Amino acid sequence: MSVRSDFDPAAIPAPARAICEVLRADGHGAWVVGGCVRDHLLGRAVSDWDLCTSARPERVMKLFARTIPTGIAHGTVTVVLDREHFEVTTLRGDGEYSDGRRPDAVRFLDDIADDLARRDFTVNAIAYDPIAGALVDPHGGLDDLRRGVLRAVGDPAQRFGEDGLRVLRGARFTASLGFDLDPATEAAIPGALKVLRRVSPERVREEWLKALKAPSPSRAFDVMARTGILGVNIPALTAPTHDPAAWERSLRAVDACPPPATSRLAALLHTVDPRLLEGWLRTTKFSNEERATVVALRRALPLGAPGGWSDADVRRWLRGVGRAAAGPVLDVAAAVDGEAALEGLRARVDAALASEVPLSVGELAIDGNALMSALGMEPSRALGLLLASLLEQVLDDPTRNTPEALLALARASRSH
Ligand code: ATP
Ligand code: MG
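Since we're looking at a predicted model, the values are computed, not measured.

A look at the overall build of the chain
Then, in step 1: If you tally the helices and strands in the chain, you get 23 helices and 11 strands.
Then, in step 2: What you see for the chain is a C-alpha radius of gyration of 28 Å, clearly larger than the 22 Å of a compact globule of 416 residues, by over 25%.
Then, in step 3: By its C-alpha atoms, the chain is 90 × 50 × 40 Å across when sized along the principal axes.
Then, in step 4: Looking at the chain as a whole, 48% of its 416 residues qualify as buried.
Then, in step 5: Within the chain, counting contacts between residues at least 6 apart in sequence, those at least 24 apart form 65% of the total.
Then, in step 6: Here the chain has roughly 18800 Å² of accessible surface; of this, 51% comes from carbon and sulfur atoms.
Then, in step 7: The distance from the centre of the 51 positive side-chain charges to the centre of the 56 negative ones in the chain is 3 Å.

In structure tokens:
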């Protein structure tokens, strides 16, 4: 792990630094904090530079010309400077957590150390003061970054008990950062599964998608299976408890599968019954498109023994899965069963796609109107059946896909 030995102030976007300067000139402390500090120190691309300050939210809104009261109750104001958006959050401590997800009340604080103490993991609890050029790292986050360890801030059982999302974030970070969970932190997860149940399905989906985008998603799902998170998140997945070997294959498949996340999810969950899978995707609030994609990929598996398929079989398979899904289906099948199990299907599918064979009635070289006027037909069920039979004949032999040949075939079938 090549962790930077110190923070490079030049990495901070100029407007973020300017915001800190304004806050400091007004007599407050101001820091960049959390994920951006972690990712910068890891040498990774930073997506959002989040700031924190001892100034109260009302004061932040007065100091800057363009602000949005994004999460004013929790102390977060978005400051717009040079057309860039920065979240500026007042230092805070959390009150009681009676719902296992959100603190009942937020207390605004003056000391950065108290704000860092409410954060989830030590590597997420580092702040940097760009004016003083100083890191604030009271929980040994930098050390844990160097060691590649994810460790809860403070007492893991207490911290996980306050907010059920934390255990899921913990599992996800093992994959997205490639870190190991500190043993004491991992040991506290099973005791927090009750609060995990209260996490909204939207947040579960979000963490799953983040895990699926990691270089090796299996790290997260392995932790989830070991600690019981998986059983809470997806009761439909019985494989880990009932068939450890099948779950091992699922973990290998999710790592072997190329993006997008929907393909990886289908690879991970290829043992789940398609109807249970569809229900789970629905209750976990995946989008309609994500759900349709994952279920279609799942239903396309297993492929069987495609080596024995005729060219017409290949074309009919392609018609069934559709042009756009063919690549992802093959990727998932190869991830699950190995490239050899495709038995050359990939090249044959590529050839069929390149040949521009029609895969639907609408793609035939003749359309319904031309057929009706040539044969004196009306729009009817018979016309629909005729077109469908023409498509079947073209799937058998694509050279038939010319207006003349199709018309001749149509006339022949009408004369029977
Ligand atoms: P990423 O953006 O890569 O998903 P992140 O750590 O930046 O990870 P955010 O949701 O952007 O995650 O949160 C920003 C910071 O807020 C975190 O780094 C952490 O310090 C704190 N934080 C976020 N969620 C929690 C939580 N559930 N409990 C405690 N602290 C949290
Ligand atoms: Mg973030």
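After that view, the rundown keeps rolling.
Quick look at the packing of aromatic side chains
Then, in step 1: On inspection of all chains with the given rule, the structure shows eight aromatic pairs.
Then, in step 2: Between Phe7 and Tyr128 the ring centres are 3.9 Å apart and the planes differ by 10°, which places this aromatic pair in the stacked class. Residue Phe7 is located in the segment before helix H1 (14–25), and its partner Tyr128 is located in strand E8 (residues 127–129); the two are separated by 121 residues in the primary sequence. Per residue, the accessibility class of Phe7 equals that of Tyr128, and both read buried.
Then, in step 3: Summarising the aromatic geometry, the rings of Trp208 and Trp280 are spaced 5.0 Å apart at their centres and angled 55° between planes, so their arrangement reads as tilted. Here Trp208 is found in helix H10 (residues 201–212), whereas its partner Trp280 is found in helix H16 (residues 274–283), with 72 residues between them in sequence.
Then, in step 4: Linked through ring pairs, Trp208, Phe221, Trp280 and Phe286 together constitute an aromatic cluster.
Then, in step 5: Here the guanidinium or amino end of Arg172 rests over the ring plane of Phe173, the centre of that ring lying 4.2 Å away.

About the thresholds
- Residues numbered from 1 in each chain as written.
- Chains lettered and ligands numbered in written order.
- Predicted model: local features only at pLDDT ≥ 70, side-chain atom pairs only at ≥ 80, totals over all residues.
- Heavy atoms only, no water.
- Helix = DSSP H or I, 4+ residues; strand = E, 2+ residues; numbered from the N terminus.
- Rg over C-alpha atoms; globule rule 2.2 N^0.38 Å.
- Buried < 20%, exposed > 50% of the residue type's maximum accessible area, 1.4 Å probe, protein only.
- Contact = heavy atoms within 4.5 Å.
- Areas by Shrake-Rupley, 256 points an atom, 1.4 Å probe, with all protein chains shown as cover.
- Lys, Arg positive; Asp, Glu negative; His and termini not counted.
- Charge placed at Lys NZ, Arg CZ, Asp CG, Glu CD.
- Phe/Tyr/Trp six-rings, centres within 6.5 Å; stacked < 30°, edge-to-face > 60°.
- Lys NZ or Arg CZ within 6 Å of the ring centre and 35° of its normal.

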